[in-house]
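Listed here are the chains, written in short residue letters.
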Amino acid sequence: MNLAHPHFAEPRWLWLAALGPLVLIFLHRYAAWSRGRQLAQLAAPHFLERLTRSHSPVRRAIKNGLLVLVLGGIGLALARPQWGEASDMGQLLGQDVVFLLDCSRSMLASDVRPSRLQRAKLAIMDFVQRRGRGRVGLVAFAGQAFLQCPLTFDYGAFQEALTIVDDKTIPVPGTDIGRALDEGVHALQKSERRKLLVLLTDGEDLEQGGVKMSEALSKQGVVIFTIGVGTPSGAEIQLVNDQGKTDVLRDDKGEIVHSRLDEPTLRAIAQATHGSYYPLGPLGEGLAKVRLAVEALPQAEGSTPARKLGVDRFHLPLAGALVLLVTESLIGTRRRRAYLIA
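All figures in this text were calculated on a predicted structure; none of them were measured in a lab.

1. Considering the pattern of salt bridges
Move 1: Counted according to the given criterion, the structure contains 11 salt bridges.
Move 2: Here Glu10 makes a salt bridge to Arg80, at a shortest N to O gap of 3.6 Å. Of this pair, Glu10 sits in the loop between β1 (7-8) and α1 (14-40) while Arg80 sits in the loop between α3 (57-78) and β2 (81-88); the two residues are 70 residues apart in sequence, bridging distant segments of the chain.
Move 3: By relative accessible area, which is 29% here, Arg80 ends up partly exposed.
Move 4: Taken together, the salt bridges that share partners define one network made up of Glu10, Arg12, Arg80 and Asp312.

Quick look at the structure:
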């Protein structure tokens, strides 16, 4: 099909443009016949002429005709008339990257301002905005893991999914890095392309499954970059209690919980898959280094196929239908000259 020539993208709606007006004309004719029959039962013919003298059949016909055209215009708009061509250049492929974001309570520690979780989210946003190509996905995890955003080229949708992540996203407490890695691999589509995971956490792997899982994933060609969020000296975990006041997290013995960055675990996870470990840093410098490392890898060249698209012109019949509908509402059914019943 030559997209430059006029055509309809949704031709199945043309039935409305063709049959709709015919049905409406029939309904108008039937309504007029029904009104005449009812009036004939109310009065004699010579009285009916006086009673309906102010009514204008021409105006009524014009209003009905406009409604018929409105319905036809709506049908044409739904059929999406197109002419002219527009090009869709596709998306640069780049590398697929899935971020694994720890949103457990320990990420509320403020040894990195404003908190570990907020700093990690800001760094991820900066990574995506600066990279500008390739698909990105997001897995949020704590004691469980959940695919927050599948791989997508839609960075706006990705950032919306990232923004709503907080310490309540995963209701299961704890930190299970092994489960997060498993969920991240499932998020990557099965292909021959390199599988990249970026893990952002303080490294407190309570289930102790992260290193073992990374060793298994290395056999599948998965590369894991780990980002340590926090500091080795650590900090207290601040929560908002039921009274809406800020309080510190305490263990079962009533002692204050002090969360520290576990760098050895994160290094072991990265080294098992020939990836790299970087501390996040106060301004997200660690994730910036990951971006440079990913860009240095052999890229999946090319792009999604370019497409020729027709240019939608549905707004023209739709605008015409709206104008006719407004015009119809402004036309009365009475003659301009008033008649009195003699």
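Back to the text.
2. With respect to the side chain of Glu263
Move 1: When you line up the elements, Glu263 lands in helix α8 (residues 263-272).
Move 2: There is no salt bridge for the buried Glu263, and the closest opposite charge comes from Arg267, which lies 4.2 Å off by N-O distance.
Move 3: Of the polar contacts made by the side chain of Glu263, one reaches the side chain of Tyr277; its length is 2.8 Å.
Move 4: Sequence-distant contacts of Glu263, defined by excluding residues within four places in its chain, comprise Pro232, Tyr277 and Pro279.

3. Considering the nonpolar core
As a rule of thumb, nonpolar side chains are buried together in soluble globular proteins.
Move 1: One finds Phe99, Leu200 and Leu287 to be the most contacted residues of the largest nonpolar core, which totals 35 residues.
Move 2: Sorting the residues of this core by element identifies β3 (97-102), α4 (116-131), β4 (136-141), α5 (155-163), β6 (195-201), β7 (222-228) and α9 (285-296) as the ones contributing at least two each.
Move 3: Excluding anything up to four places from it in sequence, Phe99 contacts Ile124, Phe127, Val128, Val136, Gly137, Leu138, Val139, Phe158, Val198, Leu200 and Leu287.
Move 4: One finds Ile177, Ala180, Ile224 and Ile269 within the second-largest nonpolar core, a separate group that totals 22 residues.

4. Points about the sheet that holds β7
Move 1: Read from one edge of the open sheet, 6 strands run β5-β4-β3-β6-β7-β12, paired in mixed fashion. Edge positions in the open sheet fall to β5 (145-152) and β12 (277-279), since each of these has one partner strand only. In this sheet, adjacent strand axes meet at a mean angle of 15° when their direction is disregarded.
Move 2: Here β3 runs beside β4; their pairing, made up of 6 bridges, is parallel. Directly across from Leu101, in β4, lies its bridge partner Ala140.

5. Focus: α5
Move 1: Those residues of α5 that fall on the buried side of the exposure criterion are Tyr155, Phe158, Gln159, Ala161 and Leu162. All buried residues of α5 project into a common sector of 160° when viewed along the axis, lining one side.
Move 2: Between the side-chain oxygen of the N-cap and the backbone nitrogen of Gly156 there are 3.2 Å, and the N-cap of α5 in question is Asp154.

6. Focus on the packing of α3 against helix α10 (residues 315-330)
Move 1: Running from amino to carboxyl end, α3 crosses α10 at an angle of 160°, the nearest separation of the two axes being 8 Å. By the criterion of interaxial angle, the relationship of α3 to α10 is roughly antiparallel. The two elements α3 and α10 meet at a crossing, and its hand is left-handed. Taking contact as the criterion, the partners of Lys63, Leu66, Leu67, Leu69, Val70, Gly73, Ile74, Leu76 and Ala77 in α3 are, on α10, Pro317, Leu318, Ala321, Leu324, Leu325, Thr327 and Glu328.
Move 2: Tallied by class, the residues present in the contact of α3 with α10 amount to 12 nonpolar, 2 polar and 2 charged.

7. What to know about a nonpolar patch on the surface
Move 1: Taken together, the side chains of Val23, Phe26, Leu27, Tyr30 and Trp33 make up a nonpolar region of the molecular surface, amounting to roughly 570 Å² of accessible area.
Move 2: Position of Val23 among the secondary structure elements: in helix α1.
Move 3: Judged by its relative accessible area of 47%, Val23 falls in the partly exposed class.

8. As for the packing of aromatic side chains
Move 1: Applying the stated criterion across every chain, the model contains 4 aromatic pairs.
Move 2: Ring geometry for Tyr30 versus Trp33: centroids 5.8 Å apart, planes at 35°, classification tilted. Taken together, the residues span about one helical turn, with Tyr30 and Trp33 both in helix α1 at a distance of 3 residues.
Move 3: Measuring from ring centre to ring centre gives 5.2 Å for Phe99 and Phe127, while their planes differ by 85°; the resulting arrangement is edge-to-face. Residue Phe99 is located in strand β3, and its partner Phe127 is located in helix α4; the two are separated by 28 residues in the primary sequence. Phe127 matches Phe99 in its accessibility class, with the two residues each being buried.

About the criteria used
Residues numbered from 1 in each chain as written. Predicted model: local features only at pLDDT ≥ 70, side-chain atom pairs only at ≥ 80, totals over all residues. Heavy atoms only, no water. Salt bridge = Lys/Arg side-chain N within 4 Å of Asp/Glu carboxyl O. Helix = DSSP H or I, 4+ residues; strand = E, 2+ residues; numbered from the N terminus. Buried < 20%, exposed > 50% of the residue type's maximum accessible area, 1.4 Å probe, protein only. Lys, Arg positive; Asp, Glu negative; His and termini not counted. Polar contact = N/O pair within 3.5 Å; in protein donor to acceptor, adjacent residues only side chain to side chain. Contact = heavy atoms within 4.5 Å. Core = buried A, V, L, I, M, F, W, Y, C linked by side-chain atoms within 4.5 Å. Pairing = 2+ DSSP bridges. Axes fitted to C-alpha atoms, helices over the stretch in contact; angles between N-to-C directions. Arc of directions from axis to C-beta. Parallel < 35°, antiparallel > 145°, perpendicular 65-115°, else oblique. Left-handed = near helix turned anticlockwise from the far one by under 90°. Nonpolar A, V, L, I, M, F, W, Y, C, P; charged D, E, K, R; others polar. Patch = residues over 30% accessible without salt bridge, like charges linked within 9 Å, V, L, I, M, F, W, Y side chains within 5 Å. Areas by Shrake-Rupley, 256 points an atom, 1.4 Å probe, with all protein chains shown as cover. Phe/Tyr/Trp six-rings, centres within 6.5 Å; stacked < 30°, edge-to-face > 60°.

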